[in-house]
Amino acid sequence: MLELDIRTLLVVTALVSVGSAVALFALWRLQSRRNGAGFWATGMSCVAIGSILISGRGSLPDFISLVVANSFFVVGFLLILRGIRIFAGRSPLLFLDFSLPPIAAVLFYYYNYVDPNINVRIAVLSLVFMVTCFAIVNTLLANKDAPWRTSGFSVVALFGLFGVFHGVRGSIALLSPIEHGLMHTNMSSSLTFLVGIFVLGGSSIALVLLTRATLESELRIASLAVNQTASSIIITDTTGSIKYVNPAFTQKTGYLLEEIVGKTPRILRSGETPAEEYATLWKTLADGNNWRGEFRNRKKNGELYWEIASIAPVKQRNGKISHYVAVKEDITALKNAEKRILHMANHDALTGLPTRRLATDLLMNSLSIAKRNKTKVAVMFVDLDGFKSVNDTLGHDAGDYVLKETATRLSSCIRDVDTVGRVGGDEFWILLSNIVDKNDVIMVAEKLINVLKHPYKMECEEINISASIGIALYPDNAVSPKELINLADQAMYEIKRQGKNNYFFSEKSAPTILP
């Protein structure tokens, strides 16, 4: 017959519970978020304490070795239930948590001191185990779409069988006229403790496997997300050596995984990002902070591209940085769109020349350079003579053709460092930088007059126009951009009054600035 020493079985139960508690506590320590393992470890510890106290029957007072010990069993299983509820993402069963321990403790006390009845005490403890186990089974089976559902069946089987066993045991105890002493060596007591040892040891293993299944599912999802995302992802160690790149990276850069692993991100550098920017990046990461910015990098085929990167340090539980992960988005199309929008905002749509705003900015920059280098700047205000009649007689298509051709002719007469801008319907500015004396400006002005008076040929039409040019010099006539423009405008109107098709210098002198 199966009859084993009960105190020995209690000690084994305590040792199994302690071992389970240690394993589950280690599991809890490894988790980065709450998953109930802490409650599992605490519950197993309570079971171990209860087993030790019960094994002290005869040496310890009955209140300690019976009422308190059995209460530890009740609390232990309720803590395991709470951990399961947290793991499954369910709210705790507060009614059971706060009602079962005091009710069970009162019943243990009553049927030991007031109306001694060991069968009722056994039935009470079995009922608590049965209710708790069935609550665990219900919690795990309710999550039908959980990634750990398959692994959860082992936990369900263990606690389900344990609940059924104690349901039968409690029923037998209530219906039996014979009192079953727990500490007496008999088959019933031996079987009870053997089943308990099996469930405690098996449940701790099942809970660890359940957690592992969850982690594997999360890692699998994270891996699929990283591999399938459209963003480039790079993982490096703290020295910058690349350990992993996702398929999006290889597709965008042209580098294969085996070509890039072991290299550093320097392989992508285009040379256009200042070294100071990289120094700031690495200092930010070394301090444990995230960095976000833009790079213009180079693909394997030499093509340049823009990308925005978010780089974060990967910290272990002790706070030490082990890796860096960079998530990058190709923003070349966005940069090109911004460039086009900026060009459209600052350039004339018809001629492609700078608008008044951009030309003014360029003039201010030229004046700053001229002041520093003690050179001159000429502002030429060009107005087309006879342009209105072109629009009126030949139509706006002809007018547009004349404007575009004029822009081309004006641009051909100046240096690359100079600027032609369209600032009105038929009005243009020409900014001449780094001028030594007035004769340089006269040569350009005469060239402009000559090139614009040549006939414009459009299909079968020959269009003849001319230009009136007003000129103001820095620092001879004025020193501010606004005043230079106004003086050039006034000079242009003066030459129109004198007969057009010529140029005229402003005769106003700039005020003398005393040292």
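Residues numbered from 1 in each chain as written. Predicted model: local features only at pLDDT ≥ 70, side-chain atom pairs only at ≥ 80, totals over all residues. Heavy atoms only, no water.

### Some remarks on the nonpolar core
Argument step 1. Within the largest apolar cluster, 51 residues are counted, with the highest numbers of intra-cluster contacts made by Trp40, Val74, Phe108, Leu140, Trp148 and Phe159.
Argument step 2. When contributions to this core are tallied by element, the ones reaching two or more residues are α1 (6–30), α2 (37–55), α3 (62–87), α4 (94–114), α5 (118–142), α6 (149–175) and α7 (187–228).
Argument step 3. Counting residues per element, this core draws most heavily on α3, at 11 residues.
Argument step 4. If you look at the next biggest cluster of nonpolar residues, it comprises 35 residues, including Ala378, Met380, Leu452 and Ala467. (Core = buried A, V, L, I, M, F, W, Y, C linked by side-chain atoms within 4.5 Å. Buried < 20%, exposed > 50% of the residue type's maximum accessible area, 1.4 Å probe, protein only. Helix = DSSP H or I, 4+ residues; strand = E, 2+ residues; numbered from the N terminus.)

### Examining the sheet that holds strand β12 (residues 503–505)
Argument step 1. Pairing is mixed in the open sheet, where 5 strands are placed in the order β7-β8-β6-β11-β12. Two strands lie at the open edges of the sheet, namely β7 (419–422) and β12, each paired on one side alone. Looking at each pair of strands side by side, their axes are set apart by 20° on average, direction ignored.
Argument step 2. In this fold helix α12 (residues 356–373) packs onto β6 (376–385), β7, β8 (427–435) and β11 (466–474), with an angle of close to 15° to the strand it touches most, β8.
Argument step 3. Lying on the sheet, helix α15 (residues 438–453) is in contact with β6, β8, β11 and β12; it crosses β11 at an angle near 165°. (Pairing = 2+ DSSP bridges. Axes fitted to C-alpha atoms, helices over the stretch in contact; angles between N-to-C directions. Contact = heavy atoms within 4.5 Å.)

### Points about the pattern of salt bridges
Any two side chains of opposite charge can pair if their charged atoms end up close together.
Argument step 1. Tallied over the entire structure, the rule returns 17 salt bridges.
Argument step 2. The residue Lys328 makes a salt bridge to Glu307 at a minimum N-O spacing of 3.2 Å. Here Glu307 lies in strand β4 (residues 304–315) and Lys328 lies in strand β5 (residues 321–330), a separation of 21 residues in the sequence. The two residues Lys328 and Glu307 agree in class, both being buried.
Argument step 3. One salt bridge in this structure joins Asp476 and Lys376, with 2.8 Å as the shortest N-O distance. On the criterion of sequence distance, the pair formed by Asp476 in the loop between β11 and α16 (481–498) and Lys376 in strand β6 is long-range, its members being 100 residues apart.
Argument step 4. Ionic contacts of the salt-bridge type, sharing partners, join the residues Asp383, Asp385 and Lys496 into one network. (Salt bridge = Lys/Arg side-chain N within 4 Å of Asp/Glu carboxyl O.)

### A few points about the packing of helix α14 (residues 396–412) against α15
Argument step 1. For the pair α14 and α15, interaxial distance at closest approach is 10 Å and the crossing angle is 150°. Helix-helix and strand crossings are classified by hand; for α14 and α15 the assignment is right-handed. Residues Thr406, Arg409, Leu410 and Ser412 of α14 lie in contact with α15, whose contacting residues are Lys447, Leu448, Val451 and Leu452.
Argument step 2. In terms of residue class, the contact of α14 with α15 is made up of 4 nonpolar, 2 polar and 2 charged. (Left-handed = near helix turned anticlockwise from the far one by under 90°. Nonpolar A, V, L, I, M, F, W, Y, C, P; charged D, E, K, R; others polar.)

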